[in-house]
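This is what each chain is made of:
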Amino acid sequence: MSLQTSFLCISLLLPCVQVQAAINVFTCEPEWAALAKELGGDQLDIYSATTALQDPHHIQARPSLIAKARKADLLICAGAELETGWLPLLMRKAGNARIRAGQAGHFLAAEHIDMLEVPEKLDRSLGDVHASGNPHVHTDPRNISRIAGQLYKRLVGIDPDNTDIYSKRYSIFEREWQDAINVWNNQAAAVNGVNVVVHHDYWSYLIDWLGLVKVATLEPVPGVAPSTGHLSQIKQLLNTQPATMIIDTSYMNDRPVQWLSKQTGIPVVALPATVDYQGGESLYDWFKHIVDLITGQVE
Amino acid sequence: MNLEGLDISILAPAFVAGLIVLMTHIPLGYEVLRRGIIFIDIAVAQIAGLGVIIAYTLGWDEHGIEAQIAAVTSALIGVWILNKLESRHGKHLEALIGTSFILAATGGILLLANNPHGGEHLKELLVGQILWVEWEQLLYAAIISIIVLSIWVQLREKIGSLGFYMLFAVAITVSVQLVGVYLVFASLIVPALAAIGQAKKSGLSLSIIIGTCGYASGLVLSALLDLPSGAVIVWMIAISALLIKIAMPLKTW
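Only a predicted model underlies this, so the values are computations on that prediction, with no experimental measurement involved.

(A) Focus on the sheet that holds strand β5 (residues 195-198) of chain A. All names here are of chain A. A sheet is described by the order of its strands in space; here four strands give the open sequence β6-β5-β7-β8, paired in parallel fashion. For this open sheet the edge positions go to β6 (213-217) and β8 (268-271), each flanked by a neighbour on one side alone. Each strand axis lies, on average, 30° off the axis of its neighbour in the sheet, ignoring direction. Of the pairings in the sheet, the one linking β5 to strand β7 (residues 245-249) comprises three bridges and is parallel in character. Its bridge partner lying in β7, valine 196 is registered against methionine 245. Of the strands in this sheet, β5, β7 and β8 touch helix α9 (residues 255-264), which is tilted by about 170° from β7. Helix α10 (residues 283-295) rests against β7 and β8 of the sheet, and its axis sits at about 180° to β8.

Right, dumping it as structure tokens:
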């Protein structure tokens with residue numbers, strides 16, 4: 001059986017349950033799937049490689065992943081080397097020219113915003129992953145707005161026939177998003193200048209947005225579990241610079257934060273890492289949830 | 001059910017990788033069982049990994065041929081030491097293998113204590129995932145495996161214990177990078193275990209059938225159920241062995 005015939009057989013087996021959408025979108029993380037949904041609606045057939053409960057640094061290879069990357073017209077990922085452990089391998093296996101770097105179908109969110117924590121010098125001892133800065137750019141709604149503007153342009157470039165639909169959806173999203181940011185800004189005014197401890201430098205953009213003050217990070221270097229010495233140093237530090245909350249990320253092991261919380265009496269706030277897109281959550285729901293959780297710590 | 005992943009061009013390289021691994025691991029697995037050194041593959045894989053980490057901390061390029069040389073060299077040094085230990089402390093060999101495994105694993109952690117992402121990156125280099133394999137990579141693996149297999153089949157009486165360990169180190173270093181530690185263990189131990197008590201020829205065909213069925217059904221199932229391929233194949237190798245043993249009682253082959 002030739003390759004074409006086997007393709008034909010498989011496609012004949014597929015009943016017409018899903019109407020073929022115009023544009024296939026492959027996202028590395030669910031937040032970009034949620035954003036694409038806002039801008040493209042039913043024009044897009046969206047697939048997210050990871051869920052909100054997965055660490056996007058790591059991924060187990062499944063056949064469907066390669067199949068989805070193969071037929072994608074547009075790939076949306078965070079970039080900044082967040083997916084460096086698997087995306088290059090996946091791209092090679094997919095061999096899809098439309099989503100190759102430099103093509104219109106290759107969209108990296110981190111390329112469209114001002115990055116935080118860009119190392120001043122590239123040192124091998126810092127590891128080779130986050131040389132272009134902190135990749136968790138989706139934790140600031142102002143970044144979402146900037147990225148939405150760029151993604152809208154990209155969608156129009158790929159699918160010009162539906163420009164009207166994308167324009168309409170984008171202007172509605174942008175207007176509502178700015179309103180939401182204003183509401184959150186007012187709600188979170190109370191946490192401006194509040195000291196926090198974080199587990200992993202996952203929330204740097206959120207901290208920047210809300211004007212929180214990060215006094216310590218539990219991980220000495222991103223990805224390394226804190227040593228006992230490092231934890232007691234932080235405990236010492238917190239005596240002189242008391243913090244209001246310890247911010248944890250939902251997909252991480254919570255033992256170090258629970259230890260510190262017990263030692264210091266500072267409450268832990270476990271923030272969901274991203275939008276539960278597969279569970280039907282929207283970007284708005286997720287940000288509202290996060291702002292509620294953080295402001296809930298300050299009465 | 002997910003029919004999308006059921007694409008021959010996605011599954012074929014992975015299946016061929018499985019066959020290449022089985023080619024050396026079934027015969028070497030018999031010897032591993034005979035010697036009672038079940039966990040040696042995991043220890044050797046870890047020692048090869050430690051070699052790459054040492055090379056990396058010395059500033060070598062972690063890609064390409066340098067890393068491969070470091071991996072094979074340290075695996076060979078590791079098995080040379082294990083072979084020495086076997087002749088002196090044969091009774092406690094399994095305990096020594098286990099100890100060398102944890103020393104190699106924690107040695108890597110200590111060397112990379114301040115370099116988490118380097119470590120992550122190296123782990124992915126060393127522990128392959130079967131779906132990511134490419135034809136070019138398979139060509140090298142096939143050539144090395146054919147050489148290992150022919151030396152083992154033709155010269156096993158002459159090369160002695162050290163010879164076996166050397167061949168084993170090379171075979172494991174190659175296969176771990178293709179399919180990962182779990183599949184290496186499964187390919188080495190399960191088909192050989194199922195052949196215990198069979199005549200030599202029928203045992204070998206039984207092992208080959210179990211291994212081949214395991215990889216084929218595991219890949220198809222992982223596509224249909226949208227699950228990670230490596231883990232599904234491990235289970236299907238074990239299930240194939242079990243079903244075949246139940247269907248074909250001892251010595252009816």
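(B) Quick peek at the pairing of β7(A). All names here are of chain A. The buried count for β7 comes to five of five residues, which makes it a mostly enclosed element. Burial along β7 is two-sided: Met245, Ile247 and Thr249 and Ile246 and Asp248, pointing in opposite directions, are all buried. The pairing of β7 with β8 spans four bridges and is parallel. Of the residues in β8, the one forming a bridge with aspartate 248 is alanine 270. With α9 bridging β7 and its parallel neighbour β8, the resulting β-α-β unit is right-handed.

(C) Summary view of the nonpolar core. A:Phe26, A:Leu90, B:Ile40 and B:Phe168 are the most contacted members of the largest nonpolar core, which totals 78 residues. It is helix α6 (residues 135-179) of chain B that contributes the most residues to this core, 15 residues altogether. If we ignore the near neighbours within four places in the chain, the residues touching A:Phe26 are A:Tyr47, A:Ala49, A:Leu65, A:Lys68, A:Ala69, A:Ala72, A:Leu74, A:Leu75, A:Ile76 and A:Leu90. Counting 63 residues, the second largest nonpolar core, distinct from the first, contains A:Leu82, A:Ile113, A:Ile147 and A:Tyr205.

(D) Fine view of the state of the cysteines. Residue and element names in this part refer to chain A. Applying the stated criterion to the full structure yields one disulfide over all chains. Across the disulfide, cysteine 28 is cross-linked to cysteine 77 (sulfur-sulfur distance 1.9 Å). Around the S-S axis, the bridge from cysteine 28 to cysteine 77 shows a dihedral of about 55° and counts as right-handed. Taken together, the positions of cysteine 28 in the loop between β1 (23-27) and α2 (30-40) and cysteine 77 in strand β3 (residues 74-77) put the pair 49 residues apart, joining distant regions of the chain. Judged by its relative accessible area of 0%, cysteine 77 is buried.

(E) Layout of unusual backbone geometry. Residue and element names in this part refer to chain A. Here the phi dihedral of alanine 80 falls at roughly 50°; this positive angle occurs in a residue that is not glycine. For alanine 80, the location among the structural elements is in the loop between β3 and α4 (87-94). At glutamate 81, a residue that is not glycine, the phi angle is positive and equals roughly 65°. When you line up the elements, glutamate 81 lands in the loop between β3 and α4.

(F) Up close: the packing of aromatic side chains. Residue and element names in this part refer to chain A. Evaluation of the coordinates by the stated rule reveals 17 aromatic pairs over all chains. Considering the side-chain rings of tryptophan 184 and tryptophan 209, the 6.4 Å spacing of their centres and the 80° angle between planes classify their relative orientation as edge-to-face. Of this pair, tryptophan 184 sits in helix α6 (residues 163-187) while tryptophan 209 sits in helix α7 (residues 204-210), and the two are 25 residues apart along the sequence. Each member of the pair, tryptophan 184 together with tryptophan 209, is buried.

(G) Summary view of the pairing of β5(A). All names here are of chain A. The two faces of β5 match: Asn195 and Val197 on one face and Val196 and Val198 on the other face are all buried. Sheet topology places β5 next to β6; four bridges connect them, and they run parallel. Across the sheet, valine 196 pairs through a bridge with lysine 214, a residue of β6. A crossover links β5 with its parallel partner β6, the connecting element being α7, and its sense is right-handed.

(H) Spotlight on the pattern of salt bridges. All names here are of chain A. In total, this model carries 14 salt bridges over all chains according to the counting rule given. Here aspartate 140 makes a salt bridge to arginine 142, at a shortest N to O gap of 2.8 Å. For aspartate 140, a relative accessible area of 2% puts it in the buried group. By relative accessible area, arginine 142 is classed as partly exposed at 30%. The partner of lysine 288 in a salt bridge is aspartate 292, and the shortest N-O contact between them spans 3.1 Å.

(I) A look at the domain arrangement of chain A. Residue and element names in this part refer to chain A. Examined at the domain level, chain A breaks down into domain 1 (3-182) and domain 2 (191-295). With 35 residues of domain 1 in contact, the opposing surface of domain 2 contributes 23 residues. The tally of links between domain 1 and domain 2 comes to one salt bridge. Here aspartate 208 and arginine 142 are joined by a salt bridge, their closest N and O atoms 3.6 Å apart.

(J) Focus on the side chain of A:Asp140. Structurally, A:Asp140 can be placed in the loop between β4 (106-108) and α5 (141-158). Dropping the residues within four chain positions of it, A:Asp140 is found in contact with A:Tyr205, A:Trp209 and A:Phe287.

(K) The arrangement of empty space enclosed by the protein in detail. Residue and element names in this part refer to chain A. Throughout the structure, instances matching the rule amount to three cavities of 30 Å³ or more. Residue lining of the largest cavity: 14 residues in total, with Glu29, Glu31, Pro56, Tyr202 and Thr274 positioned closest to the centre. Here the residues of the lining of the largest cavity are counted per class, giving six nonpolar, six polar and two charged. Mapped onto the domain boundaries, the lining of the largest cavity takes at least three residues apiece from domain 1 (3-182) and domain 2 (191-295).

(L) Spatial organisation of helix α4 (residues 93-111) of chain B. All names here are of chain B. In this model α4 runs 27 Å from its N-terminal to its C-terminal C-alpha over 19 residues, within 8% of the 27 Å that 1.5 Å per residue would give. Within α4, burial applies to Leu93, Ile97, Ser100, Ala104, Gly107 and Gly108. Considered in projection along α4, the buried side chains sweep an arc of 95° and stay on one side of the axis. For α4, exposure combined with an orientation more than 90 degrees from the buried face picks out Ala95, Ile109 and Leu110. Buried-residue contacts for α4 involve α2 (40-57), α3 (64-89) and α6.

The rules behind the values
- Residues numbered from 1 in each chain as written.
- Chains lettered and ligands numbered in written order.
- Predicted model: local features only at pLDDT ≥ 70, side-chain atom pairs only at ≥ 80, totals over all residues.
- Heavy atoms only, no water.
- Pairing = 2+ DSSP bridges.
- Helix = DSSP H or I, 4+ residues; strand = E, 2+ residues; numbered from the N terminus.
- Axes fitted to C-alpha atoms, helices over the stretch in contact; angles between N-to-C directions.
- Contact = heavy atoms within 4.5 Å.
- Buried < 20%, exposed > 50% of the residue type's maximum accessible area, 1.4 Å probe, protein only.
- Right-handed = clockwise from strand over helix to strand, strands pointing away.
- Core = buried A, V, L, I, M, F, W, Y, C linked by side-chain atoms within 4.5 Å.
- Disulfide = S-S within 2.5 Å.
- Phe/Tyr/Trp six-rings, centres within 6.5 Å; stacked < 30°, edge-to-face > 60°.
- Salt bridge = Lys/Arg side-chain N within 4 Å of Asp/Glu carboxyl O.
- Domains from an automatic or database assignment.
- 1 Å grid on protein atoms, 1.4 Å probe; cavity = no way out; pocket = protein on both sides within 12 Å on 5 of 7 lines; lining within 4 Å.
- Points joined across faces, edges and corners; volume = space filled by probe spheres on them.
- Nonpolar A, V, L, I, M, F, W, Y, C, P; charged D, E, K, R; others polar.
- Expected span 1.5 Å × (residues − 1).
- Arc of directions from axis to C-beta.

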